[in-house]
Amino acid sequence: AQSVTQLGSHVSVSEGALVLLRCNYSSSVPPYLFWYVQYPNQGLQLLLKYTTGATLVKGINGFEAEFKKSETSFHLTKPSAHMSDAAEYFCAMLTYGNNRLAFGKGNQVVVIP
Amino acid sequence: GAGVSQSPSNKVTEKGKDVELRCDPISGHTALYWYRQSLGQGLEFLIYFQGNSAPDKSGLPSDRFSAERTGGSVSTLTIQRTQQEDSAVYLCASSLAGGRNTEAFFGQGTRLTVV
């Protein structure tokens, strides 16, 4: 079955510290992978996506993610957290022949001053 | 319009009543999706429309849920005889053509509360 796993519903990070959100996927075919961010009372906004080619993907707001096929992972990182990064982050996957995004359960990020 | 528009933004309804949630996709987008976001559950796929093709309804949780898309544009999600477990944020998204190479743009959602 195709699925996306995000561990740890709440993640606390100090301002200026590394942000690391983990995402693992399960798919029998090469997936397309996405990270979305959701600010309070707003819809989801695409941060970055991996389709093919370079496995290190850079997105908006200083975020990046690396696709590692051997680890079936697509972890999201940002070197230095900012207060404005407080939001919920979702990892998602599309697979061939399937037009629906499968989402992980999300990580609520809290940035501590 | 400039983005995906959903209405109402908030809806409180009594158990057993029917509700209709509306989605106006981005002009020209042929693909439209409905998702449900429940606390701690992530986003659950409900239904997918692509152009004039038959919709993918495989995510609808029960026969109380239905959706239509008129004229390939506006979509309405209807929940009949609402139950308390239907309380959630219902998100609509649209994309240019559907499939793997197109980005889905999300609306701000409708927060449904069944009391």
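Please refer to the structure higher up on the page.
I will try to describe carefully the structure that is included in this document. Residue positions are given per chain, counted from 1 along the sequence in the order it is written. Here the convention is simple: chains get letters from A, ligands get numbers from 1, in the order in which they are written. At least 70 in pLDDT is required for a residue's local features to be given in this predicted model, at least 80 for side-chain atom pairs to be given and counted, and no such filter applies to totals for whole chains, interfaces and linings, which use all residues. Based on all heavy atoms of the structure, the side-chain values leave hydrogens and waters out of the count.

**Points about the overall build of chain A**
So, point 1. Here a helix means four or more residues in a row that DSSP labels H or I, a strand means two or more in a row labelled E, and each is numbered from the N terminus. Within chain A, the secondary structure is distributed over zero helices and 12 strands.
So, point 2. In sequence order, chain A lays out its α and β elements as β-β-β-β-β-β-β-β-β-β-β-β.
So, point 3. Expressed along its principal axes, the backbone C-alpha trace of chain A runs to roughly 45 × 30 × 20 Å.
So, point 4. Burial statistics for chain A: of 113 residues in total, 43% are counted as buried.
So, point 5. Within chain A, contacts between residues separated by at least 24 positions form 56% of all contacts whose residues are at least 6 apart in sequence.
So, point 6. Accessible surface computed for chain A: about 5,500 Å², of which carbon and sulfur atoms make up 52%.
So, point 7. Averaged over its 8 positive side-chain charges, chain A has a centre that lies 10 Å from the centre of its 6 negative ones. Here the term buried applies to any residue with accessible area under 20% of the maximum for its type, exposed to any over 50%, and partly exposed to those in between, with areas from a 1.4 Å probe on protein chains only. Any pair of residues with heavy atoms lying within 4.5 Å of one another is described as a contacting pair. All accessible areas in this document rest on Shrake-Rupley with a 1.4 Å probe, and a residue is counted as covered only by the protein chains that are shown. Think of it this way: Lys and Arg go in the positive column, Asp and Glu in the negative one, and His and the chain ends go nowhere. To locate a charge, take NZ of a lysine, CZ of an arginine, CG of an aspartate or CD of a glutamate.

**Re the side chain of Gln37(B)**
So, point 1. Considering the arrangement of structural elements, one finds Gln37(B) in strand β4 (residues 31-38).
So, point 2. In this structure Gln37(B) comes out as buried when scored by relative accessible area, which is 12%.

**Describing the sheet that holds strand β7 (residues 75-79) of chain B**
Residue and element names in this part refer to chain B.
So, point 1. Here, any two strands with at least 2 DSSP bridges between them count as paired. Sheet architecture is open: four strands sit in the order β1-β3-β7-β6, paired in antiparallel fashion. Since the sheet does not close on itself, it has two edges, and those belong to β1 (5-7) and β6 (65-69), each with one partner. Neighbour-to-neighbour, the strand axes of the sheet open up by a mean angle of 15 degrees, direction not taken into account. Fitted lines through C-alpha atoms serve as axes, helices being fitted only where they are in contact, and the angles separating the N-to-C directions of these axes extend from 0 to 180 degrees.

**Notes on the state of the cysteines**
So, point 1. Cysteine sulfur atoms that pair up within 2.5 Å are treated as a disulfide. Under the counting rule described, the total for this entry stands at two disulfides over all chains.
So, point 2. The disulfide that involves Cys23(A) links it to Cys91(A), with 1.9 Å between the sulfurs. Around the S-S axis, the bridge from Cys23(A) to Cys91(A) shows a dihedral of about -65 degrees and counts as left-handed. Within this pair, whereas Cys23(A) is found in the loop between β3 (19-21) and β4 (24-26), its partner Cys91(A) is found in strand β10 (residues 87-94), the two being separated by 68 residues in sequence.
So, point 3. Overall, the relative accessible area of 0% leaves Cys23(A) in the buried class.
So, point 4. The exposure class of Cys91(A) is buried, given its relative accessible area of 0%.
So, point 5. Bridging Cys23(B) to Cys92(B), the disulfide has an S-S length of 1.9 Å.

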